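Below, each chain spelled out in residue letters.
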Amino acid sequence: MRRVSRGVTDESLHRSVLGELGALVVAGDYATGQVLRIEQLEARFGVSRTVVREAVRVLESMGLVSSRRRVGITVSPRTSWNLFDPRVIRWRLDSGERASLLRSLGELRRGAEPVAAALAATHATPEQCGRLTEAVMRMAVHGRSGDLESYLAADILFHRTLLEASGNDMLGALTTVVTEVLAARTHHHLMPAFPEPAAIRRHAEVAQAIQAGDPAEAQRAMGDIVDEATSAMLGPDV
């Protein structure tokens, strides 16, 4: 049972319990169909019923559990989960299924981002082209210095702008998914200490093709980026 420190707010407790409970469900510590009781979770996490109920409410919105009076909280099958929720992705990446999830996410990106790049070559605004170029320049600077967090921020800016520039709101909605993949590569130590100049060069090729209005080249170069990133993350140490 956790000891609650003085000054800890219900909001911070909620975030903590939500993170721990969500990770346990995703990792399979609570099996599909298992019924949990509010009092059981109160005792496990050492928090109030209100905090537990709020965490369960959020997990319900993600499809991880369902709650019914006189039944309790039932762990839902994976088919019910919102697999695109960034927190679900994060918890799964922290679990034992990281390699298989990275492969699935790589396949999703391979089907989406090259298409988005081709569309962006037709639909991108001058402002979006400028942001793509700016992102590549930042990646080059931070890659040389080995500042991986700043490099990550620039990489996220590039991919978010690319998806938005496609002009397709369904592709744009994948921004949070791609962001989690990029963050995972850094935070799970799957990035080299100094990002490969070739990877930065591929991003520059995409930006140049989009600015030049060349859909085929933009799609090719973006496919190369996704293939390289997925292969690197699925190396022998993953």
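Our structure's up above, just so we're on the same page.
Residues numbered from 1 in each chain as written. Predicted model: local features only at pLDDT ≥ 70, side-chain atom pairs only at ≥ 80, totals over all residues. Heavy atoms only, no water.

S.K.: Would you mind going over the overall build of the protein chain with me for this structure?
M.R.: Looking only at helices and strands, the protein chain has 11 helices and three strands in total. Counting from the amino terminus, the protein chain carries its helices and strands in the arrangement α-β-α-α-β-β-α-α-α-α-α-α-α-α. The C-alpha extent of the protein chain, read off along each of the three principal axes, is 60 × 35 × 35 Å. Of all 238 residues assigned to the protein chain, the portion counted as buried reaches 45%. Of the roughly 12100 Å² that the protein chain leaves accessible, carbon and sulfur atoms contribute 51%. Separation between the mean location of the 28 positive side-chain charges and that of the 29 negative ones in the protein chain comes to 8 Å. (Helix = DSSP H or I, 4+ residues; strand = E, 2+ residues; numbered from the N terminus. Buried < 20%, exposed > 50% of the residue type's maximum accessible area, 1.4 Å probe, protein only. Areas by Shrake-Rupley, 256 points an atom, 1.4 Å probe, with all protein chains shown as cover. Lys, Arg positive; Asp, Glu negative; His and termini not counted. Charge placed at Lys NZ, Arg CZ, Asp CG, Glu CD.)

S.K.: I'm lost on the packing of helix α4 (residues 86-93) against helix α5 (residues 98-123) in this one. Help?
M.R.: Running from N to C, α4 and α5 cross one another at 135°; their axes reach a closest spacing of 8 Å. One way to sum up the angle between α4 and α5 is to call them oblique. Only Arg98, Leu101, Leu102 and Leu105 of α5 make contact with α4, whose side of the interface consists of Ile89, Arg92 and Leu93. Grouping the constituent residues of the contact of α4 with α5 by class yields five nonpolar, no polar and two charged. (Axes fitted to C-alpha atoms, helices over the stretch in contact; angles between N-to-C directions. Parallel < 35°, antiparallel > 145°, perpendicular 65-115°, else oblique. Contact = heavy atoms within 4.5 Å. Nonpolar A, V, L, I, M, F, W, Y, C, P; charged D, E, K, R; others polar.)

S.K.: Can you help me understand the pairing of strand β3 (residues 72-75) in this one?
M.R.: Regular strands place side chains that alternate from one sheet face to the opposite one. With two bridges joining them, strand β1 (residues 35-36) and β3 adopt antiparallel strand pairing. Directly across from leucine 36, in β3, lies its bridge partner isoleucine 73. Linking two consecutive strands that pair antiparallel, namely strand β2 (residues 65-68) and β3, is a turn of three residues; a positive phi of about 70° is found at arginine 70 within it. (Pairing = 2+ DSSP bridges.)

S.K.: Honestly, the packing of helix α7 (residues 148-165) against helix α9 (residues 175-187) in this entry has me stumped. Any pointers?
M.R.: A pair of packed helices can be characterised by two numbers: the angle between their axes and the separation between those axes. It is at 10 Å that the axes of α7 and α9 come closest, and there the two elements cross at 160°. When the axis of α7 is compared with that of α9, the two are roughly antiparallel. α7 and α9 meet at a crossing whose hand is right-handed. Taken together, the residues of α9 that come into contact with α7 (itself represented by Leu148, Glu149, Leu152, Asp155, Ile156, His159, Arg160 and Leu163) are Thr175, Val178, Thr179, Leu182, Ala183, Thr186 and His187. Its residues placed into classes, the contact of α7 with α9 shows seven nonpolar, five polar and three charged. (Left-handed = near helix turned anticlockwise from the far one by under 90°.)

S.K.: Explain the sheet that holds β1 to me, please; I cannot follow it from the model alone.
M.R.: Paired through backbone hydrogen bonds, the strands of a sheet run either parallel or antiparallel to each other. With antiparallel pairing, three strands are arranged side by side in an open sheet as β1-β3-β2. Of all strands in the sheet, those bounded by a partner on one side alone are β1 and β2. Note that β2 and β3 share four bridges and pair antiparallel. Residue pairing in the sheet places valine 65 in a bridge with valine 75 of β3.

S.K.: Looking at this structure, how should I read helix α10 (residues 197-212)?
M.R.: In an α-helix, one turn spans 3.6 residues, which is why side chains three or four residues apart end up on the same side. Here α10 spans 22 Å end to end across 16 residues, near enough to the 22 Å set by a 1.5 Å rise per residue. Note on α10: the residue one or two positions beyond its end, glycine 213, has a positive phi of about 70°. (Expected span 1.5 Å × (residues − 1).)

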